[in-house]
Amino acid sequence: MTTPTHAAPPAGSPAEAGPAALLSVRDLAMAFPGRRSATGRRGAPVRAVDGVSFDLAAGETLGLVGESGCGKSTTGRMLVRLLEPTSGSVVFDGRDVTRLSQRALRPLRRDVQMVFQDPHSSLNPRQTVSRIISDPLLVQGWSAADARRRAAELMELVGLIPEHIDRYPHEFSGGQAQRIGIARSLATGPRLIVADEPVSALDVSVQAQIVNLMERLREELGLSYVFIAHDLSVVKRVSDRVAVMYLGRIVEIGAKRDLYDAPQHPYTRALLSAVPLPDPAAERRRERIVLLGDPPSPAAPPPGCSFHPRCPKAQEVCRTERPLLRIAASREVACHFPGD
Ligand SMILES: Nc1ncnc2c1ncn2[C@@H]1O[C@H](COP(=O)(O)OP(=O)(O)OP(=O)(O)O)[C@@H](O)[C@H]1O
Ligand code: SF4
Ligand SMILES: [Mg+2]
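What counts as what
Residues numbered from 1 in each chain as written. Chains lettered and ligands numbered in written order. Predicted model: local features only at pLDDT ≥ 70, side-chain atom pairs only at ≥ 80, totals over all residues. Heavy atoms only, no water. Near = heavy atom within 4 Å. Polar contact = N/O pair within 3.5 Å; in protein donor to acceptor, adjacent residues only side chain to side chain. Areas by Shrake-Rupley, 256 points an atom, 1.4 Å probe, with all protein chains shown as cover. Helix = DSSP H or I, 4+ residues; strand = E, 2+ residues; numbered from the N terminus. Axes fitted to C-alpha atoms, helices over the stretch in contact; angles between N-to-C directions. Left-handed = near helix turned anticlockwise from the far one by under 90°. Contact = heavy atoms within 4.5 Å. Nonpolar A, V, L, I, M, F, W, Y, C, P; charged D, E, K, R; others polar. 1 Å grid on protein atoms, 1.4 Å probe; cavity = no way out; pocket = protein on both sides within 12 Å on 5 of 7 lines; lining within 4 Å. Sits in = over half its atoms within 2 Å of the grid points. Buried < 20%, exposed > 50% of the residue type's maximum accessible area, 1.4 Å probe, protein only. Points joined across faces, edges and corners; volume = space filled by probe spheres on them.

Chemist: An account of the site of ligand 1 is needed here, citing residue identities and associated values.
Modeler: Neighbouring residues of ligand 1: 14 residues in total, closest Ser-68, Gly-69, Lys-72, Ser-73 and Thr-74. Measuring from an oxygen atom of ligand 1, one finds a backbone N or O atom of Cys-70 at 3.2 Å. Isolated, ligand 1 exposes 630 Å² of accessible area, and the fraction of that covered by the protein chains is 62%. If you list the elements that add at least two residues to the shell around ligand 1, you get strand S2 (46-56) and helix H2 (72-79). No other element matches H2, which puts three residues into the shell around ligand 1.

Structure, rendered in structure tokens:
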């Protein structure tokens, strides 16, 4: 079990605001077994995700950011049930997907899909595009002919040439291969897509094209996204709300504008201070907040606020009392001293 993350139930969430959330995540946690040492003793569990809660409304994009190893991919994989959480719940459209049997997961597989970072390594090199895109449909019981027809339509939808349907992944560029991955994710007509760093393996110019494509698809198909990324500029572009993770927990979550214009958590402030500004004069004036050291291991998180060893604002209480997520300046922040 994890300790509570919120001082009160998540506030300002779509669920509280009125219409039911499409996705409602509560206290989600994943502790991987610790590594065995040379003597055979197992080390402390790796608390990759340690109590993550958020809501997502239909049609919304939530950006999930944070340094390498903070638990973004583990969270994403639990949302689509590629990983079984240690505890917590993931309620999609009223059903707790963490409790579904393999058989009952079938409709979920239709509604919730994932797009991965490296398009070439996530596509089977021995399958044609037709087979790759059709596969989720064949699993759902479609005939081969109907699935192939649908695959050709999807290629067109994502900007590929349908006549290339019998080619293999290596015959496509990185950007085109990611379009194949996106077409595959759309095959079953999902409502939610969890995209794990979908553009970070691509050239910058190609990144913009894929981001544009994902935005257009969201509008045309009424999709919702959980968009995982390192790049805060990309996240700013695509997200309605943003969640910042540190060592397995969300430390700040709120509307994109609130978070980018006036970050409240020292970690968010540090991350944003490293994003280059388009205006060179503003870039020269801007103060960089350099974080010392690397994030601690999730197998041995520091007591109190897990950010305290690196936090420029840390005080005595931070070393002993873990801050819960509380409302501050119209978003939720886990910090004893939010703000400037
Ligand atoms: N199968 C596993 N067994 C043990 N530890 C794991 C496993 N998968 C991930 N971890 C650990 O869990 C933590 C979170 O990993 P995760 O891949 O979710 O981070 P991430 O935020 O996606 O990082 P990145 O930005 O590098 O992709 C890391 O410390 C990682 O080493
Ligand atoms: S609780 Fe303390 S250590 Fe943690 S982020 Fe806030 S000021 Fe820094
Ligand atoms: Mg990752």
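Chemist: Pulling in residues and values, what's your account of the packing of helix H5 (residues 129-139) against helix H6 (residues 144-157)?
Modeler: Between H5 and H6, whose axes approach to 8 Å, the crossing angle comes to 120°. Classified by chirality, the crossing of H6 by H5 is right-handed. Within the contact between the two elements, H5 uses Val-129, Ser-130, Ile-133, Ser-134, Leu-137 and Leu-138 and H6 uses Ala-144, Ala-147, Arg-148, Arg-150, Ala-151, Leu-154 and Met-155. A breakdown of the residues in the contact of H5 with H6 according to their chemical character gives nine nonpolar, two polar and two charged.

Chemist: Residue-level account of the site of ligand 2, with values.
Modeler: Contacts to ligand 2 come from 13 residues, most closely from Cys-305, Cys-311, Cys-318, Cys-335 and His-336. Taking a 2 Å distance to the grid points as the criterion, the majority of the atoms of ligand 2 fall inside the second largest cavity.

Chemist: Requested: an account of helix H11 (residues 266-273), with residues and values cited.
Modeler: Summarising burial for H11: seven of the eight residues are buried, a large majority. All buried positions along H11 are accounted for by Pro-266, Tyr-267, Thr-268, Ala-270, Leu-271, Leu-272 and Ser-273. Against the buried residues of H11 lie helix H9 (232-238), strand S9 (241-246), strand S10 (249-255) and helix H10 (256-261).

Chemist: I'd love a proper account of empty space enclosed by the protein, names of residues and values included.
Modeler: Tallying each qualifying case throughout the model produces three cavities of 30 Å³ or more. Of the pockets and cavities examined, the largest cavity occupies roughly 120 Å³. Arg-249, Val-251, Ser-306, Pro-323 and Ala-334 are, among the 14 residues lining the largest cavity, the residues nearest its centre. Sorting elements by how many residues they give to the lining of the largest cavity places S10 first, with three residues. In this model, the second largest cavity occupies a volume close to 70 Å³. Lining the second largest cavity are 13 residues; nearest its centre among them are Cys-305, Cys-311, Cys-318, Cys-335 and His-336. Residue composition of the lining of the second largest cavity, grouped by class: nine nonpolar, three polar and one charged.

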